[in-house]
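Given next are the chains, with one letter for each unit.
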Amino acid sequence: EERRKEDEERRKEELERQKELDKRRREQEREAEERRKKEEADRREREAEKEARDRQEAEKRRLEEEKRALEEDMRRRDEARKRLEENAQRRKEQQACITVLEALRRLSEALPHDFERMKALADSTLQSQLPLCGKQQDLLRAEAAKVLRHTGEYVQELRRQQARYTEWVLRRGSTVACP
C-alpha cells in the first residue's frame, strides 16, 4: 500500500510536471505566436511605410515632371511669342522700307512742275518712315540722298532746256507756247 501511495504520488508529481511542462509549452507557443504576430505587424508597418515613401516619391517625381513640362511649355510659348513679335517687327520694317522706296520712286519721276511737291512728300515720308526701317535705315538714307541729287540735277537740266527752248522760240519770233 505504501508502494501504491508512492506510485500514486509519483503519478501525481508526474502529472504535475506534465501539467507544468504543458503550461510552459503553451506559454512558449503563446509567446512565439505573439512574437510572430508582432513581427508580422512590424513587417506590415515597414511595408506600409515603404509604400507610403514610394507613393510620396512617385508623387514628387510626377510633380517635378509636371513642373518641367509646364516650364518647357512656357519656354516654347515664350519663344513662339518672341518669333511672332520679331516677325511683326520685321513686317513693320519691310513695310516702312517699301513706303520709303515708293516715295523715292515717285521723287525720281518728278518733273519741274511737281518737283517741290514730290520732294516735300519724300521728305515727310523719310522723316516718318526711315526710323522704322531698322538695319536698312542707313542704306535707304544714302539712296534717298542719291535720288534727290540725281532728280534735282535732272529737273535743273529740264528747266535749263525749257529756258533755252523758250529763248529760242522768242528769238525766232514764233508764237509757239512752252509746254
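Report follows, based on the coordinates.

The rules behind each value
- Residues numbered from 1 in each chain as written.
- Predicted model: local features only at pLDDT ≥ 70, side-chain atom pairs only at ≥ 80, totals over all residues.
- Heavy atoms only, no water.
- Axes fitted to C-alpha atoms, helices over the stretch in contact; angles between N-to-C directions.
- Helix = DSSP H or I, 4+ residues; strand = E, 2+ residues; numbered from the N terminus.
- Parallel < 35°, antiparallel > 145°, perpendicular 65-115°, else oblique.
- Contact = heavy atoms within 4.5 Å.
- Nonpolar A, V, L, I, M, F, W, Y, C, P; charged D, E, K, R; others polar.
- Core = buried A, V, L, I, M, F, W, Y, C linked by side-chain atoms within 4.5 Å.
- Buried < 20%, exposed > 50% of the residue type's maximum accessible area, 1.4 Å probe, protein only.
- Salt bridge = Lys/Arg side-chain N within 4 Å of Asp/Glu carboxyl O.
- Expected span 1.5 Å × (residues − 1).
- Arc of directions from axis to C-beta.
- Left-handed = near helix turned anticlockwise from the far one by under 90°.

1. Digging into the packing of helix 1 (residues 2-108) against helix 3 (residues 137-172)
- Following both chains from N to C, one finds helix 1 and helix 3 inclined at 10°, their axes separated by 9 Å at the closest point. In terms of their interaxial angle, helix 1 and helix 3 are classed as roughly parallel. Residues Cys97, Val100, Leu101, Leu104, Leu107 and Ser108 of helix 1 pack against Leu140, Glu143, Ala144, Val147, Leu148 and Thr151 of helix 3.
- Partitioning the contact of helix 1 with helix 3 into residue classes produces nine nonpolar, two polar and one charged.

2. Here's the deal with the side chain of Thr151
- Note on placement: Thr151 falls in helix 3.
- Excluding its chain neighbours within four sequence positions, the residues that come into contact with Thr151 are Leu107, Ser108, Ala110 and Phe115.

3. Quick look at the nonpolar core
- The biggest cluster of nonpolar side chains holds 16 residues, and the ones touching the most others in it are Val100, Leu107, Cys133 and Leu140.
- If you tally residues by element for this core, the top one is helix 1, at five residues.
- Those residues in contact with Leu140, other than ones at most four positions away along the chain, are Cys97, Val100, Leu101, Leu104, Leu130 and Cys133.

4. Considering the pattern of salt bridges
- All chains considered together, the criterion is met by 29 salt bridges.
- Between Arg17 and Glu14 there is a salt bridge, with the nearest N and O atoms lying 3.1 Å from each other. Of this pair, Arg17 and Glu14 both sit in helix 1, separated by three residues, roughly a single helical turn.
- Since its relative accessible area comes to 47%, Arg17 is described here as partly exposed.
- Taking the relative accessible area as the measure of exposure, Glu14 reaches 40% and is therefore partly exposed.
- A network of salt bridges, in which partner residues are shared, links Glu40, Arg43, Arg44 and Glu47.

5. Concerning helix 2 (residues 115-129)
- Taking 1.5 Å as the rise per residue, helix 2 with 15 residues should run 21 Å; its terminal C-alpha atoms sit 20 Å apart, in good agreement.
- Among all positions in helix 2, only Phe115, Met118, Ala122, Thr125 and Leu126 are buried. The arc that holds the buried residues of helix 2, viewed along the axis, is 100°, so those residues lie on one side. Along helix 2, the residues that are exposed and aim more than 90 degrees away from the buried face are Glu116, Arg117 and Gln127.
- Packing partners of the buried residues in helix 2 comprise helix 1 and helix 3.

6. Side note on the packing of helix 1 against helix 2
- Between helix 1 and helix 2, the least distance of the axes is 9 Å, while the angle of their chain directions is 165°. By the angle class used here, helix 1 and helix 2 are roughly antiparallel. At the point where helix 1 passes helix 2, the crossing takes the left-handed sense. For the pair helix 1 and helix 2, contact is made by Ala96, Thr99, Val100, Ala103, Arg106 and Leu107 and by Phe115, Met118, Lys119, Leu121, Ala122, Thr125, Leu126 and Gln129, respectively.
- Residues of the contact of helix 1 with helix 2, tallied by class, amount to nine nonpolar, three polar and two charged.

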